[in-house]
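Breakdown of the fold
One-letter residues, chain by chain:
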Amino acid sequence: MRRKLVAGNWKMHGSLAENQTRLTQLVLALKGNEATDVAVFATAPYLFQCKSLLAASAIKWGAQDVSQFASGAYTGEISTSMLVDFGCSLVLVGHSERREIFHETNAIVAQKFAAVLSANMTPVLCVGETLEQRESGQTLSIIVEQIKAVLEEVSIADFKQAVIAYEPVWAIGTGKTATPEQAQEVHAAIRDLLAQYDANVAQGIQILYGGSVKPDNADAIFAQPDVDGALVGGASLNSDDFVKICNAAG
Ligand code: PEP
């Protein structure tokens, strides 16, 4: 039985004061919820604050991006070992905002995935299609391509230590959610793809849905057999909403 994981992607939001309030609220409100894995992805300047406020709780924290390079003359970049220093156990790789705005290719995403694994953290690989791609019937082929690019860089066994987040680009931050059936169809296809390489890995991996998850649609999404949790953007900035989504998962 796979545990559910609900992870908040704070994106480029927050301040020391806001985070202090939010993290304190989450620790208190989620104390009794042992059934669900919970994590937050903060921007790098706040990772130390996450470490200070979350270390004694079951809530994990991680980064929204990382460099594919180990160290060196890469101004502005942050390495995996730096994230480890700040207690991160998870790292988002290939979020659609990174792919679209910062032109991260499948190959770069694959290198980041491998770098995160080498540092013994868990990569959360984000995949998903644009509206145009969905409307032209390319959803599954795009997702297969995104995952296969990673499989060119690492082995299928490496996915034992990874999480996948299916995030249709057209549903991120738009208020449009994929229907539970649309999510299930893609999640099942991802599991089938991985099963072609290794059935145990396919069965064990957590596949999250992301795209305008809110307290009022979380139940229906979590009821799908291949949905193992959610990556939550906007609603993770409101502690009450985020806690409701975490509680809906377990
Ligand atoms: C995200 O940023 O990964 C996300 C899913 O955002 P939202 O929940 O706001 O659509």
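Anyway, here's the lowdown on the structure attached to this text. (Residues numbered from 1 in each chain as written. Predicted model: local features only at pLDDT ≥ 70, side-chain atom pairs only at ≥ 80, totals over all residues. Heavy atoms only, no water.)

1. Here's the deal with the overall build of the protein
When helices and strands are counted, the protein shows 11 helices and 8 strands. Taking 250 residues into account, the globule formula puts the C-alpha radius of gyration at 18 Å, and the protein, at 17 Å, falls close to it. Summarising its shape, the C-alpha atoms of the protein cover approximately 45 × 45 × 35 Å along the three principal directions. When each of the 250 residues of the protein is scored for burial, the buried share is 53%. In the protein, 72% of the contacts between residues at least 6 apart in sequence involve partners at least 24 apart. Accessible surface for the protein amounts to roughly 11,200 Å². Of this, 53% is attributable to carbon and sulfur atoms. Averaging the coordinates of the 18 positive side-chain charges in the protein and doing the same for the 27 negative ones gives two points 5 Å apart. (Helix = DSSP H or I, 4+ residues; strand = E, 2+ residues; numbered from the N terminus. Rg over C-alpha atoms; globule rule 2.2 N^0.38 Å. Buried < 20%, exposed > 50% of the residue type's maximum accessible area, 1.4 Å probe, protein only. Contact = heavy atoms within 4.5 Å. Areas by Shrake-Rupley, 256 points an atom, 1.4 Å probe, with all protein chains shown as cover. Lys, Arg positive; Asp, Glu negative; His and termini not counted. Charge placed at Lys NZ, Arg CZ, Asp CG, Glu CD.)

2. Points about unusual backbone geometry
Of note in the backbone geometry, H103 takes a positive phi value of approximately 55 degrees without being a glycine. Among the secondary structure elements, H103 is positioned in the loop between helix 4 (96-101) and helix 5 (106-118). The class of H103 is exposed, set by a relative accessible area of 61%. Positive phi, normally seen in glycine, also occurs at S212, with a value near 55 degrees. By the element assignment, S212 lies in the loop between strand 7 (206-210) and helix 10 (215-222).

3. Let's talk about the nonpolar core
Judged by nonpolar contacts, the single largest core of 65 residues is most densely connected at I147, F159 and I190. Here the element with the most residues in this core is helix 5; it accounts for 6 residues. Each residue touching I190, except ones within four places of it in the same chain, is listed here: V127, I143, I147, I164, Y166 and I207. Counting 12 residues, the second-largest nonpolar core is a separate cluster that includes L5, A7, A165 and L208. (Core = buried A, V, L, I, M, F, W, Y, C linked by side-chain atoms within 4.5 Å.)

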